[in-house]
Amino acid sequence: MNDTHLKFVFKITVIGDGGVGKTSLIKKYTEGTFEEDYISTVGAQFSFYDEKINGDECKLYFWDIAGQKEFEFLRSDFYEESKAAIIVCSLEENNLGKESLNHLVDWYEDLNNNCGDIPVVIFANKVDLIDEENLDEGYVQSFIKEKNTIGVYRTSAKTGQGVTDAFRKIIRELYEKYKSNI
Amino acid sequence: MEKGEILEEKKVIENYVESIYVYDNAGVCLTSCGIKPENLDEHIVSGFFTAIKKFGQKLIPGTVVKSLIMSGHKLFYNNFENITFCIQCYDDLPNQVIDYILNRISNQFLEIYQERLPIRDGNISIFSDFSTYLSQFMEQPLIEGLLEDFGYKVLSEGVILFDEIREKILFAKVPEEYSSRKQIAMSGMLINFAKKLSNEYQGGDVNSILISSENRWICISKREYIYIIVLFPKTKNIELNIIVEKTEEILDNILKMLKIELIK
Ligand SMILES: Nc1nc2c(ncn2[C@@H]2O[C@H](COP(=O)(O)OP(=O)(O)O)[C@@H](O)[C@H]2O)c(=O)[nH]1
Ligand SMILES: [Mg+2]
């Protein structure tokens, strides 16, 4: 390794209700693929994404944590030492979608209690399933103002819309933050 | 005391240990070495190990996962606050030997990095030097290292390991005048003689002989075809049962290691 270049690993916790698209989003970003079939995440799944910024190696290290109630007993342990978090909700117009929006605040608080004030990004996913023009994002917008998150991104793991921008934002944010501390 | 040496073909740590991982509680792999499956990133490995550790703590509170046994292989973990050291090795490597290896790595690592732990900024560049250390560590002879460590720990003046079948000194760390053929042959004869005496008293096989002389304790232990002679100064306050126990233990471990059929 070149001495002047650094190597960062940022652990990123990905949370949100089961079925909103956490695993799909990570897969889309890290592998570029999408699957229609729903495979429930057992406990936690790990993946990573490498990016070079100014010659420094940055690795986003995702902890994709199962959203289902059954895994609650382990969840907060899995948050340990996360550098940032992604909370995913779904915009789809059904129960799963509505519930996932209502639960944003619970996810946020669970995270905040365990990790303190780490950067948080909201992914409003499955945007391909709705008509964006009629989208009322009022709730999400007021949530992010109140909770001081980095931002909200409309994403689709299916079409890829917004996915790269959203993940890029996190990698940049973390890199700037930690690089300047050195 | 002179440097210990071994007269048979070198078996280094790499012959017994497949890989080493050092990671923190976030599951981030700080450094690693050895063979890894293709397409399996070290952070994925350490992530799963961390998840298993956390799961174990939920399953049985107050505990920590110390090992994972698989057919033919095993993984051993050494936990220090935020850091876990893990080695993957063949399953017939004795646990005490694994402890010795884990301790050496952990001590070295903590000596260098303790002040800088835990990693708060995600910057793992500082650990790249340690992977060089690990690679060199893997090339060190294992049995010699174990015996030296043993001699040092039990405050001995010298250790000789002898293979009766091949009539070879496997390891000697003694002042030169103490490792002649004659001295070693006498030790062998003494064990055989002691066996006869033991039989007279229906004592069965002889594991060890401890000689208390004016200047030294001399402990001779035998297992199958190898025996070990350990010299202790009389001047130091040493517990006799510990001398014998530890000497027999190291001999057992070495015998097991000599029997491991190395795949590599
Ligand atoms: N149409 C559409 N379906 C999606 C999207 N993201 C995920 N899905 C589907 O939603 C289901 C749940 O996705 P998954 O990633 O497993 O959700 P997780 O439980 O949050 O990890 C799967 O059937 C996916 O194919 C998306 O952006 N658009
Ligand atoms: Mg999932």
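Look above for the structure.
Anyway, here's the lowdown on the structure attached to this text. Just so it is clear, the structure is predicted and the values come from calculations on it, not from any experiment.

Observations regarding a nonpolar patch on the surface
Taken together, the side chains of Phe73(A), Phe55(B), Leu59(B) and Ile60(B) make up a nonpolar region of the molecular surface, amounting to roughly 390 Å² of accessible area. Turning to its location among the elements, Phe55(B) is positioned in helix 2 (residues 42–59).

Description of the interface of chain A and chain B
Taken together, the contact between chain A and chain B spans 23 residues of the former and 23 residues of the latter. On the chain A side of the contact with chain B, Phe46(A), Tyr61(A) and Glu81(A) bury the most area, a combined 25% of that side's loss. Counting across the interface, chain A meets chain B through four salt bridges. Across the salt bridge formed by Glu81(A) and Arg120(B), the nearest N and O atoms sit 2.3 Å from each other. At the junction of chain A and chain B, the tally comes to 15 residue pairs in polar contact (both at pLDDT 80 or more). Among the elements of the structure, strand 1 (7–15), strand 2 (44–53), strand 3 (56–65) and helix 2 (72–78) of chain A are those that each provide at least two residues to the side of chain A that touches chain B. Class assignment of the residues belonging to the side of chain A that touches chain B gives a composition of 15 nonpolar, one polar and seven charged.

So, the site of ligand 1
All names here are of chain A. Contacts to ligand 1 come from 20 residues, most closely from Gly-19, Ser-24, Glu-35, Glu-36 and Asp-128. One of the backbone nitrogen or oxygen atoms of Val-20 is found 3.4 Å away from an oxygen atom of ligand 1. Of all the elements, helix 1 (residues 22–31) adds the most residues to the shell around ligand 1, at three residues. By residue class, the composition of the shell around ligand 1 is five nonpolar, seven polar and eight charged.

Rules behind the numbers
- Just so you know, the residues in each chain are numbered from 1, in the order the chain's sequence is written.
- Chain A is the first chain written and ligand 1 is the first ligand written, with later ones labelled in order.
- Selection of residues for local features in this predicted model requires a pLDDT of at least 70, selection of side-chain atom pairs for listing and counting requires 80 or more, and totals for whole chains, interfaces and linings are taken over all residues.
- Just so you know, side-chain values use all the structure's heavy atoms and leave hydrogens and water out.
- Patches draw on residues past 30% relative accessible area with no salt bridge. Two like charges within 9 Å are joined, as are two nonpolar side chains (Val, Leu, Ile, Met, Phe, Trp, Tyr) within 5 Å.
- Calculation of accessible area relied on Shrake-Rupley with a 1.4 Å probe; when residues are assessed, cover is drawn exclusively from the protein chains displayed.
- By definition, a salt bridge exists where a carboxyl oxygen of Asp or Glu is found within 4 Å of a side-chain nitrogen of Lys or Arg.
- Only DSSP runs of H or I covering at least 4 residues are called helices, and only runs of E covering at least 2 are called strands; the numbering of each starts at the N terminus.
- The contact definition used throughout considers only heavy atoms, calling two residues in contact when any of these lie within 4.5 Å.
- A 1.4 Å probe defines the accessible area here, and the buried area is the portion of it lost by two parts on being joined, summed over both.
- Whenever two N or O atoms come within 3.5 Å, that pair is a polar contact, provided that in protein one can donate a hydrogen and the other can accept it, and provided that, for residues adjacent in sequence, both atoms are side-chain atoms.
- Polarity classes work like this: nonpolar for Ala, Val, Leu, Ile, Met, Phe, Trp, Tyr, Cys and Pro, charged for Asp, Glu, Lys and Arg, and polar for all others, with Gly in that last group.
- Nearness here has a simple test: a residue counts as near a molecule or strand if at least one of its heavy atoms is within 4 Å of that partner.

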